[in-house]
Amino acid sequence: MGLEGRIAVITGAARGIGRHIAEHLARAGADVASIDLAPSDDTVAAVTAAGRRGVGIVADVTSPEALAAAAERVRTELGDASILVNNAGLHPRQTLIDDVDYELWQRTMRVNIDSMFLVSKAFLPQLRSGGSGRIINMSSSVANVAPLGGVHYITSKAAVVGLTRGLARELGPDGVTVNAIAPSIVQTPGLAGTGISPEIVDAVLAQQIVQDFTTPDDLVGLVTYLCTHEARLFTGQHFHLDGGIVLGD
Ligand SMILES: NC(=O)c1ccc[n+]([C@@H]2O[C@H](COP(=O)([O-])OP(=O)(O)OC[C@H]3O[C@@H](n4cnc5c(N)ncnc54)[C@H](O)[C@@H]3O)[C@@H](O)[C@H]2O)c1
């Protein structure tokens, strides 16, 4: 999985899934920048411990100005990024449609889908420059399972699939692949804050053929592979890491 010489940008890598991906890409040889609202000190320490260069950037992925500055910082401190993992996302509390107000709807869309558009735009010149760029977007099995009380979150994650396919179509000629990964439930700090009920967790697990929780470690191998030269023909795909909830397409 040689990613030596590659520079990866991961959003929301201060904790949770993003942090695991950062550590793993560093172990595979990449230098890593984390862009997160929270400081990424632990992530940078883990990247450094793996022998790679790490940069933690405190920035809001919904701010075009902050992202322009972040892209410039990555370029000057590490070099042109060739890997972008759009991972930052909001797990909104489980809320039924009658209580989903427009503010909650807009906030969910801003953080979960507008951000992926904005971060991709900010890093496109870098991703295109080497001719082998990779964009990996974090979707979710909720886009298929549609759990109760999640209309805003479900919609935002289904939109990630559209963004992935549209970008894949346009960027393929530049050698940039774009894929999405849809994990089932992963125990992270973000999930813990959703107030998700044990009944919902059980209902999701019940739909899995292999009934086990996904861990961040289950994700990292696929992310790393998608970044390799060997994976250059995988693009526009939505990979379901969900114990078989989705079979086939
Ligand atoms: N945990 C799950 O069950 C699960 C399942 C499927 C998909 N996902 C997706 O995986 C991704 C990561 O999830 P997680 O569970 O690790 O989440 P998490 O809440 O544990 O971590 C998310 C990180 O994103 C950062 N972040 C949030 N908003 C931001 C913003 N506006 N600007 C910059 N950084 C911001 C947070 O500070 C945090 O460090 C999300 O996109 C989530 O939707 C999670």
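Remember, it's a predicted structure, so these values are computed and weren't measured experimentally.

Some words on the site of the ligand
In the region of the ligand, 28 residues are neighbours, and Asp-36, Asn-87, Tyr-153, Val-186 and Thr-188 sit closest. Between the ligand and the protein, one listed contact pairs a nitrogen atom with a backbone N or O atom of Val-61 at 3.0 Å. Its free accessible area being 840 Å², the ligand has 94% of it covered by the protein chains. Counting only elements with at least two residues in the shell around the ligand, the list comes to helix 1 (16–27), helix 6 (151–171) and helix 7 (189–192). Here the shell around the ligand takes three residues from helix 7, the largest share from any one element.

Points about the pattern of salt bridges
Proximity of charged atoms lets side chains of opposite charge pair with each other. One pass over the structure, following the stated rule, counts eight salt bridges. The salt bridge involving Arg-53 is made with Asp-31; its shortest N-O contact spans 3.0 Å. Remark: Asp-31 occurs in strand 2 (residues 31–36) and Arg-53 occurs in the loop between helix 2 (41–49) and strand 3 (54–58); sequence separation between them is 22 residues. Judged by its relative accessible area of 6%, Asp-31 is buried. Bridged by salt links that share partners, the residues Arg-19, Glu-23 and Arg-27 form one connected network.

A short note on the pairing of strand 6 (residues 177–183)
Here strand 6 lies mainly inside the structure; seven of its seven residues are buried. Residues Thr-177, Asn-179, Ile-181 and Pro-183 point to one face of strand 6 and Val-178, Ala-180 and Ala-182 to the other, with burial holding for every one of them. Sheet topology places strand 5 (residues 134–138) next to strand 6; five bridges connect them, and they run parallel. The partner of Asn-137 across the bridge, within strand 6, is Ala-180. For strand 6 and strand 7 (residues 238–241), the ladder comprises four bridges, and the chain directions are parallel. Note on strand 7: the bridge partner recorded for Pro-183 is Leu-241.

With respect to the packing of helix 4 (residues 102–129) against helix 6
Axis separation between helix 4 and helix 6 bottoms out at 9 Å; the angle between their running directions is 20 degrees. By the angle between their axes, helix 4 is roughly parallel relative to helix 6. Along this stretch, helix 4 crosses helix 6, giving a crossing that reads as right-handed. Counting all contacts with helix 4, which are made through Leu-104, Trp-105, Thr-108, Met-109, Asn-112, Ile-113, Met-116, Phe-117, Ser-120, Leu-124 and Arg-128, the residues of helix 6 involved are Val-151, His-152, Tyr-153, Thr-155, Ser-156, Lys-157, Ala-159, Val-160, Leu-163, Leu-167 and Leu-171. Residues that form the contact of helix 4 with helix 6 fall into these classes: 14 nonpolar, six polar and two charged.

Brief notes about unusual backbone geometry
Phi at Ala-146 is positive, roughly 50 degrees, even though this residue is not glycine. Here Ala-146 falls in the partly exposed class, since its relative accessible area comes to 47%.

Comments concerning the nonpolar core
Counting residues in hydrophobic clusters, the biggest one holds 33 residues, and the most contacted among them are Val-9, Ile-35, Val-74 and Phe-123. For this core, the elements supplying multiple residues, two or more each, are strand 1 (7–11), strand 2, strand 3, helix 3 (64–77), helix 4, helix 6 and strand 6. If one sorts the elements of this core by residue count, helix 4 sits on top with eight residues. Those residues in contact with Phe-123 that lie beyond four places of it in its chain are Val-9, Ile-35, Ala-70, Ala-71, Val-74 and Ala-81. Ranked by size, the runner-up nonpolar core spans 24 residues in total, among them Leu-3, Ile-10, Ile-136 and Leu-226.

Observations concerning the pairing of strand 5
Of all five residues in strand 5, five are buried; the element is thus mostly enclosed. Of the two faces of strand 5, the one carrying Arg-134, Ile-136 and Met-138 and the one carrying Ile-135 and Asn-137 are both buried. Pairing geometry for strand 4 (residues 83–86) and strand 5, over four bridges, is parallel. Looking at the pairing, Leu-84 lines up with Ile-135 of strand 5.

Thresholds, definitions, all that
The numbers attached to residues start from 1 for each chain and follow its sequence in the written order. Given that the model is predicted, a residue must reach a pLDDT of at least 70 before its local features are reported, and side-chain atom pairs must reach 80 or more before they are shown or counted; all residues, however, enter totals for whole chains, interfaces and linings. The basis for every side-chain value is the complete set of non-hydrogen atoms in the structure, without hydrogens or water. We call a residue near a molecule or strand when any one of its heavy atoms sits within 4 Å of it. We define a polar contact as two N or O atoms separated by no more than 3.5 Å, with the added condition that, inside protein, one atom must be a possible hydrogen donor and the other a possible acceptor, whereas residues neighbouring each other in sequence contribute only through side-chain atom pairs. Using a 1.4 Å probe, the Shrake-Rupley method yields the accessible areas, and only the shown protein chains count as cover for residues. Secondary structure elements follow DSSP: runs of H or I of four or more residues count as helices, runs of E of two or more count as strands, with numbering from the N terminus. In what follows, salt bridge is the name for a side-chain nitrogen of Lys or Arg lying within 4 Å of a carboxyl oxygen of Asp or Glu. Per-residue accessibility, obtained with a 1.4 Å probe over protein chains only, is compared with the maximum for each type, and a residue is labelled buried under 20%, exposed over 50%, and partly exposed between these values. Note on pairing: two strands pair once DSSP finds at least 2 bridges between them. Whenever a helix is involved, its axis is fitted only over the stretch in contact; in every case the axis is a line through C-alpha atoms, and angles between N-to-C directions fall within 0 to 180 degrees. Working rule for angles: under 35 degrees goes down as roughly parallel, over 145 as roughly antiparallel, 65 to 115 as roughly perpendicular, anything else as oblique. The hand of a helix crossing depends on one turn: near helix anticlockwise from the far one by less than a right angle means left-handed, and clockwise means right-handed. The contact definition used throughout considers only heavy atoms, calling two residues in contact when any of these lie within 4.5 Å. Ten residue types, Ala, Val, Leu, Ile, Met, Phe, Trp, Tyr, Cys and Pro, are classed as nonpolar, four, Asp, Glu, Lys and Arg, as charged, and the remainder, Gly among them, as polar. In plain words, nonpolar cores are sets of buried Ala, Val, Leu, Ile, Met, Phe, Trp, Tyr and Cys residues tied together by side-chain atoms within 4.5 Å.

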